[in-house]
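Chains, contacts and geometry: an overview
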Amino acid sequence: MKAHLRAQQAIVRMLFDPEFAARVRREPETALPELPSTLRAQLAAIDPRALKMDRLLRQRTLRTLFDELKASTTLFLARTKKLSSLDDFFRSRAFHDAIATARPLALAYADFLGDAVSPIERALVEARRMKWPPADGRVHRAPGVVPIATTAGALAALQEAEQYLFEVGLMPAVALCDDAPPLALDARAQDPTPLWLVTVPHESSHTLVTIDEPTHRLLASLPAAHTRALQPLIDDEIAVQT
Amino acid sequence: MTTALAQLPRLGVGISAEPGSAAAGIDALAFVQDHPGLVHFVEYGADLARGLDDHVRRWAAAGRATTYHFLDLNLEDPGDADDDWLRDTAEAARAIGAAWLCGDAGLWHFGARDRGHQMLLPPILTRDSADACAESILKIEGALGLRVLPENPPGAFYVGDLHILDYFARVSEASGCGLLLDCAHLAMFQRLRGLPPIAALDGFPLDRVVEIHVAGGAPVDIEGLALVDDAHNPEPLPDTWQIVEAVLPRATSLRAIVYECEKNAPDEVLENFRRLNRMFPS
């Protein structure tokens, strides 16, 4: 990659992550080893106040990410109880690696959310970004088809989080109230019963279809369509297990 | 074959538009009905994710002139103009009969063209970046047969050794492209470098400027740092007008002036449209 494009990547990281920007100013050689010394010095000289010009950059980006991972973010915040914990995303390895490797931010954000992420929302994030692979004579899963191995409890947790968001969304000002309704996951969210689903493209969206385990294993064994900006998820050594 | 700059049509004074902008701001068709002779074309700014809206389709269907301003291409990265972008952008531009393509030459998205990846950063002002920008323009013009006018972007800071006018002079020299000079963005750059508004214009190929932009900017204070927000409010800064007045007599290839004001109320921008039409009569 050309130096000017690497410099743009570094600027993006500085805009989102003030701690990284401070490190660039403090120790540019170690913070930006990939840049030539002239560009490194110029980035280190950027006035930190100028990086604050777009003061809603992170909130706007989180809002976009939240759109795709609503329930997962809700489950994450139910644990951390701190809105600022979402800002940690922009300090995370997942974020900085995504910028460096041109990985979709939504997938990096899903990784950041860790085990709070709903496997169903995570699969939908992937499904929306798939495209046809080059023809290579093999059978691939079609774009938008992602098999999911999860539990009935995970599906229930997703539905309960969505219901919570719906109710809070009726009057968002409840966030200011001490007696605002909490997110309470009931026993259904703990149900360990295995559940196999698959995302299926439908018009301009995706729907979820319940499948059985053998079908899941078959789909999971097939090479996937490309995920945009990711390494192709194709494995030449795949063997179908029955 | 792309059209020679001299063969490009003279469009006159136009107004900017974006997806949905007519609903909240100025509907160009209603504006020309109410105020004939002030707006001669629409410059439609879009990314492929949002596409063409009803407003620009109605304008084009009425046989009126347009240009297509991309909001989703990193000109510094020739690989960003991939086959999908080229095909879909050509389709959108042709659907509205765009006279040419234009767009800020910088970073419109980081990483993949994806949700949440949008921003606008100026190019890194180096020779390598300018050469890459020129390569992109040659690639797009060759594939689409439409002229591409790179525009100097706004910024709260600029990185690189070159003056932004020298950067775009190099882009034009290397690619043969015409240029879009945004006078409001240039005013921002000059202030940040502590230069007079018209500094470095003497070395800039003004004879290759096909289009200029005029827009309002809002001075802002970020913890004591004086910056200009590219707010597109009604009133351009005095610096911007000074640049316009210096450029017009020397821009011998000028075909279009866009007043970027679509988010305002019509009566707030009338006087500036009159002023621009006096400066650049159709």
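One can find the structure itself at the top, above this paragraph.
Below you will find a few notes about this structure. (Residues numbered from 1 in each chain as written. Chains lettered and ligands numbered in written order. Predicted model: local features only at pLDDT ≥ 70, side-chain atom pairs only at ≥ 80, totals over all residues. Heavy atoms only, no water.)

1. Looking at the sheet that holds strand 4 (residues 205–211) of chain A
Hydrogen bonding along the main chain pairs the strands of a sheet, whether they run parallel or antiparallel. Residues and elements named next belong to chain A. Condition: At least two DSSP bridges between two strands are needed for those strands to be called paired. Under the DSSP-based scheme used, a helix requires at least four consecutive residues in state H or I and a strand at least two consecutive residues in state E, with every element numbered from the N terminus. Note on geometry: axes are lines fitted to C-alpha atoms, helical ones only across the stretch in contact, with angles between N-to-C directions running from 0 to 180 degrees. The contact definition used throughout considers only heavy atoms, calling two residues in contact when any of these lie within 4.5 Å.
Pairing in this open sheet of 3 strands is antiparallel, and the strands run 2-3-4 from one edge to the other. Every other strand in the sheet has two partners, leaving strand 2 (147–151) and strand 4 as the edge strands with one partner each. Averaged over all neighbouring strand pairs, the angle between strand axes comes to 35°, with direction disregarded. As paired elements, strand 2 and strand 3 (residues 194–202) share 5 bridges and run antiparallel to each other. Paired with Ile148 across the bridge in strand 3 is Leu197. Against the sheet, helix 11 (residues 152–169) engages strand 2 and strand 3, with an angle of about 90° to strand 2. Relative to strand 2, helix 12 (residues 213–221) is tilted by about 135°, and along the sheet it contacts strand 2, strand 3 and strand 4.

2. Considerations on the pattern of salt bridges
Residues and elements named next belong to chain B. Note the following rule: Salt bridges, as used here, are contacts in which a Lys or Arg side-chain nitrogen is within 4 Å of a carboxyl oxygen on Asp or Glu. To sort residues, take the accessible area from a 1.4 Å probe on protein chains only and compare it with the maximum for the residue type: under 20% means buried, over 50% means exposed, and anything in between is partly exposed.
Throughout the structure, instances matching the rule amount to 35 salt bridges over all chains. A salt bridge links Asp88 to Arg87, with the nearest nitrogen and oxygen atoms 3.1 Å apart. Accessibility expressed as a relative area gives 48% for Arg87, which makes it partly exposed. Across the salt bridge formed by Arg274 and Glu271, the nearest N and O atoms sit 3.4 Å from each other. In this pair, Arg274 and Glu271 are both assigned in helix 9 (residues 266–279), 3 residues apart and thus about one turn of the helix distant. For Glu271, a relative accessible area of 46% corresponds to the partly exposed category.

3. Some thoughts on the side chain of B:Asn272
All names here are of chain B. Defined as follows: For the purposes of these results, a polar contact is taken to be a pair of N or O atoms within 3.5 Å, where, inside protein, one atom must be able to donate a hydrogen and its partner to accept one; residues adjacent in sequence count only when each atom of the pair is a side-chain atom.
Structurally, Asn272 can be placed in helix 9. Residue Asn272 is classed as buried on the basis of its relative accessible area, which comes to 7%. Reaching out from Asn272, the side chain makes a polar contact with the side chain of Glu235 at a distance of 3.3 Å. Those residues in contact with Asn272, other than ones at most four positions away along the chain, are Pro234, Glu235, Pro236, Trp241 and Tyr259.

4. What about helix 6 (residues 70–80) of chain A?
Residue and element names in this part refer to chain A. Turning to helix 6, its buried residues number three or more, namely Ala71, Ser72, Thr73, Thr74, Leu75 and Phe76. Looking at the packing, one finds that the buried side of helix 6 touches helix 5 (57–68), helix 7 (84–87), helix 9 (105–113), helix 10 (119–127) and helix 11. Just past helix 6, the residue Lys81 takes up positive phi, approximately 60°.

5. A few points about empty space enclosed by the protein
Gaps left between atoms are located by rolling a probe of water-molecule size over the structure's atoms. This is how it is decided: With a 1 Å grid laid over protein atoms only, a set of points is called a cavity when a 1.4 Å probe fits there but cannot get out and a pocket when it is open yet has protein on both sides within 12 Å along at least five of seven lines; lining residues have an atom within 4 Å of a point. Grid points are joined across faces, edges and corners, and a volume is the space filled by probe spheres set on the points.
Scanning all chains against the criterion turns up 1 cavity of 30 Å³ or more. Of the volumes computed, that of the largest cavity is approximately 30 Å³. Residue lining of the largest cavity: A:Gln8, A:Ile11, B:Leu121, B:Pro122, B:Pro123, B:Ile124, B:Phe157, B:Tyr158 and B:Val159, and that is the complete set.

6. As for the interface of chain A and chain B
Defined as follows: A simple way to read buried area is as the amount of 1.4 Å-probe accessible surface that goes missing from two parts once joined, with both sides added.
Taken residue by residue, the interface counts 32 residues in chain A and 33 residues in chain B. Between chain A and chain B, roughly 2,700 Å² of surface is buried when both sides are summed, and carbon and sulfur atoms account for 68% of that area. Summed over the shared surface of chain A and chain B, the number is 3 salt bridges. Across the pair A:Lys52 and B:Glu223 runs a salt bridge, and its minimum N-O distance is 2.9 Å. Residue assignment for the side of chain A that touches chain B shows that the elements contributing at least two residues are helix 1 (3–16), helix 4 (37–44) and helix 5 of chain A.

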